Amino acid sequence: MDDRTTRDADMAARLYRSLRRIRRTEERIAEVYPSDRIKSPVHLSIGQESVAVGVCDVLGPDDVVAGTYRGHAAYLAKGGDLRAMMAELFGKVDGCARGKGGSMHLVDMDRNVLGCSAVVGSGIPVAVGYALAIRRRRQDRVVAAFYGDGASEEGCVYESLNFAALHKLPVLFVCENNGYAIHEPLSRRWAADRLTERVATFGIAARRLESDDVFAVRAAAAQGVAALRAGAGPVFLEVPTYRWREHVGPSEDYDAGYRSRDEAAPWMANDQVERVGALLPPEARAAIDAAVEAEIADALAFAEASPFPDARELHAHVYA
Ligand SMILES: Cc1ncc(C[n+]2csc(CCOP(=O)(O)OP(=O)(O)O)c2C)c(N)n1
Ligand SMILES: [Mg+2]
């Protein structure tokens, strides 16, 4: 194999490992959930993993990620600790927020994963503030800030876009447009679906991708991050994607009356985990799958074994 081929093969293996790790972690969470050992609501990103994986693959360890309450994928793709995430879901003291935050409040500052929040859109001003601090300290780092199509309707998101553009802050805004805010489709929320054009009017380089193909996401993110590092100001990517499970909880909801399985079918046929997995030699794929299963089993055992926080911790780490 020449250098180029080796690099491409390495990239496919890396992306597959990350996609598969997130998919299987969330599938295992969904299996465990009915036992009530997971003490937090869970917003699964099954079907949407490629957005976080493609973006985070071009970030370095010092770069920063701001996720959402649907944040397992961003946390894990940036290298967040799986044991600490699982313990957090179980409400245990070894969780990344000492068991007090649950699935919607993942944080790992050692890997530069800024804390996530249940308040829709609220991560965006925090991400922009972090980028301002980076700029003031003259550091060579960038922030990737994820948010949903629903969050794009929040006033603070528009304020943040404007502020970031005005001050040319190093933020890659990534809108994971899955077409729904809870059960409400875009057609009932937006008179015009030209989200990318709306963002461009702030003076931000804005681009809508055709699909959530992980290689396309990665290529667009690489281009965006290069522009950020050159000081060109923020970049926006809108990535169409699709949530396969219910808004919150472990199950499917195609019988809930707001969408059909037919709508989901083309997305499932284009499953990025399968697509990238099929590019790998079968032995390489099997080795990754085995390692992922072992890591998840270890994380679940760790979460089970960890104690609940002591009642005296109730008022620790409270900002008041
Ligand atoms: C400020 C605020 N308003 C409303 C809600 C209730 N809420 C929770 S999730 C959600 C939908 C957000 O949709 P989107 O940003 O598209 O993310 P997705 O769930 O599709 O990933 C809403 C309205 C909230 N948590 N916070
Ligand atoms: Mg949405």
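What comes next is a walk through the structure. (Residues numbered from 1 in each chain as written. Chains lettered and ligands numbered in written order. Predicted model: local features only at pLDDT ≥ 70, side-chain atom pairs only at ≥ 80, totals over all residues. Heavy atoms only, no water.)

Description of the overall build of the chain
At step 1: Tallying secondary structure elements over the chain gives 11 helices and eight strands in all.
At step 2: Radius of gyration (C-alpha) of the chain: 19 Å, near the 20 Å computed for a compact globule of 320 residues.
At step 3: Seen through its C-alpha atoms, the chain measures out along the principal axes to roughly 55 × 50 × 45 Å.
At step 4: For the chain, buried positions account for 52% of its 320 residues.
At step 5: Pairs at least 24 apart in sequence give 73% of the contacts found in the chain among residues at least 6 apart.
At step 6: Taking the 39 positively charged and 46 negatively charged side chains of the chain as two groups, their mean positions are separated by 4 Å. (Helix = DSSP H or I, 4+ residues; strand = E, 2+ residues; numbered from the N terminus. Rg over C-alpha atoms; globule rule 2.2 N^0.38 Å. Buried < 20%, exposed > 50% of the residue type's maximum accessible area, 1.4 Å probe, protein only. Contact = heavy atoms within 4.5 Å. Lys, Arg positive; Asp, Glu negative; His and termini not counted. Charge placed at Lys NZ, Arg CZ, Asp CG, Glu CD.)

Considering helix α1 (residues 3–32)
At step 1: In this model, α1 (30 residues) spans 43 Å end to end at C-alpha, consistent with the 44 Å of a helix rising 1.5 Å per residue.
At step 2: Two or three places before R4, at the start of α1, stands the capping residue D2, its side-chain oxygen 3.2 Å from that residue's backbone nitrogen. (Expected span 1.5 Å × (residues − 1). Polar contact = N/O pair within 3.5 Å; in protein donor to acceptor, adjacent residues only side chain to side chain.)

Topic: the site of ligand 1
At step 1: Close to ligand 1 lie 15 residues, the nearest being Y69, R70, G150, A151 and N178.
At step 2: A118 has a polar backbone atom sitting 3.0 Å from a nitrogen atom of ligand 1.
At step 3: N178 places a polar side-chain atom, nitrogen or oxygen, 2.8 Å from an oxygen atom of ligand 1.
At step 4: Using a 2 Å cut-off from the grid points, one finds that ligand 1 occupies the largest pocket. (Near = heavy atom within 4 Å. 1 Å grid on protein atoms, 1.4 Å probe; cavity = no way out; pocket = protein on both sides within 12 Å on 5 of 7 lines; lining within 4 Å. Sits in = over half its atoms within 2 Å of the grid points.)

A few points about the state of the cysteines
At step 1: For the coordinates displayed, the defined rule picks out zero disulfides.
At step 2: Looking at C56, it has no disulfide partner, and the nearest cysteine sulfur is the one in C116, 11 Å off.
At step 3: Under the relative-accessibility criterion, C56 is labelled buried at 5%. (Disulfide = S-S within 2.5 Å.)

Re the packing of aromatic side chains
At step 1: Taken as a whole, this structure holds four aromatic pairs when the rule is applied.
At step 2: Relative to W267, the ring of Y242 lies with its centre 5.8 Å away and its plane at 15°, an arrangement referred to as stacked. Taken as a pair, Y242 in the loop between β8 (235–240) and α9 (261–269) and W267 in helix α9 lie far apart in primary sequence, 25 residues in all.
At step 3: Given a relative accessible area of 3%, Y242 falls into the buried group.
At step 4: Judged by its relative accessible area of 25%, W267 falls in the partly exposed class.
At step 5: For the cation-ring pair, K92 lies above F308, with the distance from its terminal atom to the ring centre recorded as 5.1 Å. (Phe/Tyr/Trp six-rings, centres within 6.5 Å; stacked < 30°, edge-to-face > 60°. Lys NZ or Arg CZ within 6 Å of the ring centre and 35° of its normal.)

With respect to the sheet that holds strand β7 (residues 205–208)
At step 1: The sheet built from six strands is open, its strands ordered β2-β1-β3-β4-β8-β7 with parallel pairing. With partners counted over all chains shown, the strands left at the sheet margins are β2 (113–114) and β7, one partner each.
At step 2: Those strands touched by helix α2 (residues 49–56) are β1 (64–66), β3 (143–148), β4 (171–177) and β8, and its axis lies near 170° from that of β3.
At step 3: With respect to the sheet, helix α5 (residues 123–136) is in contact with β1, β2, β3 and β4, its orientation differing from that of β3 by roughly 170°. (Pairing = 2+ DSSP bridges. Axes fitted to C-alpha atoms, helices over the stretch in contact; angles between N-to-C directions.)

Some thoughts on the nonpolar core
At step 1: Counting 66 residues, the largest nonpolar core has I29, V55, Y75, M85, M86, F146 and L172 as the members making the most contacts within it.
At step 2: Top element by residues in this core is α1. It accounts for nine residues.
At step 3: Those residues in contact with F146, other than ones at most four positions away along the chain, are V51, A52, V55, C56, V65, A66, G67, T68, A74, I124, V174 and E176.
At step 4: Grouped together as the second largest cluster of nonpolar side chains are 26 residues, A127, C175, V199 and F236 included. (Core = buried A, V, L, I, M, F, W, Y, C linked by side-chain atoms within 4.5 Å.)

Description of the coordination of the magnesium ion (ligand 2)
At step 1: In the first shell of the magnesium ion (ligand 2), the protein supplies D149 (OD), N178 (OD1) and Y180 (O), at 2.1 to 2.2 Å from the metal.
At step 2: Each donor residue of the magnesium ion (ligand 2) lies on one chain, and together they are spaced D-x28-N-x1-Y. A residue pair is termed long-range when its members are at least 10 positions apart, and D149 in the loop between β3 and α6 (155–166) and N178 in the loop between β4 and β5 (180–181) qualify at 29 residues. (Donors = N, O, S within 2.8 Å, 3.2 Å for Na, K, Ca; no water.)

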